[in-house]
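# Reading the structure
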Amino acid sequence: MNIPFSDLNAQHKEIRKEISKAITGVIERGDFILGQDVALFEKAFAQFCGVNYAVGVSSGTSALFLALRALGVGPNDEVIVPAFTYIATASAVSYTGAKPVFVDIEEDTYNIDVSKIKKAITKNTKVIMPVHLYGQPADMPKILELARQYELKIVEDAAQAHGAKIKMPSGAWKPVGSIGDAGCFSFYPSKNLGGLGDGGLVAANHKEIFDSVFMLRNCGRKSKYDHVVVGYNARLDTLQAAVLREKLKKLTPWNRMRQNAAKIYNKYLGDINGVIIPYAAPDVQHVYHVYAIRVKNREKVYQALKSKGVGVIIHYPIPVHLQKAYENLGYKKGDCPVSEKIAQEIISLPMFPHLKESQIKYIANILRKALKE
Ligand SMILES: *Cc1c(COP(=O)(O)O)cnc(C)c1O
């Protein structure tokens, strides 16, 4: 059997006609840059995310960068990020001239360990940037509390968690991206909501943040000839927006299918000695962008799965504080021990909405055998 890590074809097959029609519409109108689908998609996504405003941008990385810029982050500032994430979380901070400050993660959720944030706060700290890793919301109620106490802003990296929700102290369930000052999404093709290329979005409730990102993404333009700040070319393509509008309509059922696949995985893997299945906190709706297990002998397990045709990926083998790119910040082994341990044990199994029980069973059998030997 051959089981890919992710199967975008299965998604696109469901809505091939709609996608073709959307693309043809853009070609016929010729409104390739900031055309009508961009504003329509922004409106639909803002509604989906429960925020007042949304701005489409060129990638998830741009979304993070522009959100930080809109909050006034720059040289001499510090931004708190988890040590265990995709490197773009930290690069976006570096682009502004600010310094990423790495904080270790929790051993169960793999999200930033809020109890360790306080120690990382200095007089230069401006923003806490939690990542909703693998599709599981970070502990936003506690992060909000800290941010209020220290007068910090919050930028959510929701690149892996479109549609995930968390129960707030009020009892209300809130979508990720709608809780902090800005919520940043990526539409990289394999994300829960993915385009046919790069794309991203900044969600916000405050008009000032919206206005600022709106100008920054389009050359600092307030109106056609009026450039009030030095901006960037970081626009979302109309073609991507048109496709994303169609795919957004499927996001909720596709997330449900991912959750169902995770449940089936848990059933088959839960009793295998040596496998730690993902933990979902009680007050969250995890959307399983990634289904990652932990094993002690990862190399062996990885090879066993690969050799039997199973697509596996490591998210991520090197925590960001130990990446060569951040050598200059002076972190060393042992600074974020949980991140370092998880980085050695984690392995992501195939996960996509159309994954079948028979495929999961096949994967479980390989795992059971590999761990017995
Ligand atoms: C994918 C991702 C990004 C970056 O998104 P791009 O669209 O690839 O720029 C940022 N943070 C996290 C956690 C991601 O998974």
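Residues numbered from 1 in each chain as written. Predicted model: local features only at pLDDT ≥ 70, side-chain atom pairs only at ≥ 80, totals over all residues. Heavy atoms only, no water.

### Brief notes about the overall build of the protein
- For the protein, the count of helices and strands is 11 helices and 14 strands.
- Taking 2.2 N^0.38 as the reference for a compact globule, 373 residues should give roughly 21 Å; the C-alpha atoms of the protein span a radius of gyration of 21 Å, in line with that estimate.
- In terms of principal-axis extent, the alpha carbons of the protein reach across some 70 × 55 × 40 Å.
- For the protein, with 373 residues in total, the buried portion stands at 57%.
- Contacts in the protein between residues far apart in sequence, at least 24 positions, make up 73% of those at least 6 positions apart.
- Approximately 16500 Å² of the protein is accessible, and the part contributed by carbon and sulfur atoms is 51%.
- Taken as two groups, the 49 positive and 35 negative side-chain charges of the protein have centres that lie 4 Å from each other. (Helix = DSSP H or I, 4+ residues; strand = E, 2+ residues; numbered from the N terminus. Rg over C-alpha atoms; globule rule 2.2 N^0.38 Å. Buried < 20%, exposed > 50% of the residue type's maximum accessible area, 1.4 Å probe, protein only. Contact = heavy atoms within 4.5 Å. Areas by Shrake-Rupley, 256 points an atom, 1.4 Å probe, with all protein chains shown as cover. Lys, Arg positive; Asp, Glu negative; His and termini not counted. Charge placed at Lys NZ, Arg CZ, Asp CG, Glu CD.)

### Section: a nonpolar patch on the surface
- Together, Ile27, Phe32, Ile33, Leu34 and Leu239 make up a nonpolar patch on the protein surface, roughly 420 Å² of accessible area in all.
- Considering the arrangement of structural elements, one finds leucine 34 in the loop between helix H2 (16–29) and helix H3 (36–49). (Patch = residues over 30% accessible without salt bridge, like charges linked within 9 Å, V, L, I, M, F, W, Y side chains within 5 Å. Salt bridge = Lys/Arg side-chain N within 4 Å of Asp/Glu carboxyl O.)

### So, the sheet that holds strand E1 (residues 53–57)
- Strands sit in the order E1-E9-E8-E5-E4-E2-E3 across an open sheet of seven strands; the sheet is mixed. Looking at which strands have only one partner, the edges of the open sheet turn out to be E1 and strand E3 (99–103). The sheet shows a mean angle of 25 degrees between the axes of neighbouring strands, taken without regard to direction.
- In this sheet, strand E9 (residues 200–204) lies alongside E1 in antiparallel orientation, the contact comprising five bridges. When the sheet's bridge partners are listed, glycine 56 is paired in E9 with leucine 201.
- The strands that helix H6 (residues 140–150) touches are strand E4 (125–128) and strand E5 (153–157); relative to E5, the one it contacts most, it runs at about 150 degrees.
- Sitting on the sheet, helix H7 (residues 207–216) is in contact with E1, strand E8 (182–186) and E9, with an inclination near 20 degrees to E1. (Pairing = 2+ DSSP bridges. Axes fitted to C-alpha atoms, helices over the stretch in contact; angles between N-to-C directions.)

### Thoughts on the packing of helix H9 (residues 298–307) against helix H11 (residues 357–372)
- Where H9 meets H11, the closest approach of the two axes is 10 Å, and the angle between their N-to-C directions is 140 degrees. In terms of their interaxial angle, H9 and H11 are classed as oblique. The two elements H9 and H11 meet at a crossing, and its hand is right-handed. In this structure, H9 contributes Lys300, Val301, Ala304 and Leu305 to the contact, and H11 contributes Ile363, Ile366, Leu367, Ala370 and Leu371.
- Per-class residue counts for the contact of H9 with H11 are eight nonpolar, no polar and one charged. (Parallel < 35°, antiparallel > 145°, perpendicular 65-115°, else oblique. Left-handed = near helix turned anticlockwise from the far one by under 90°. Nonpolar A, V, L, I, M, F, W, Y, C, P; charged D, E, K, R; others polar.)

By themselves, these are just geometric observations and shouldn't be taken as functional.
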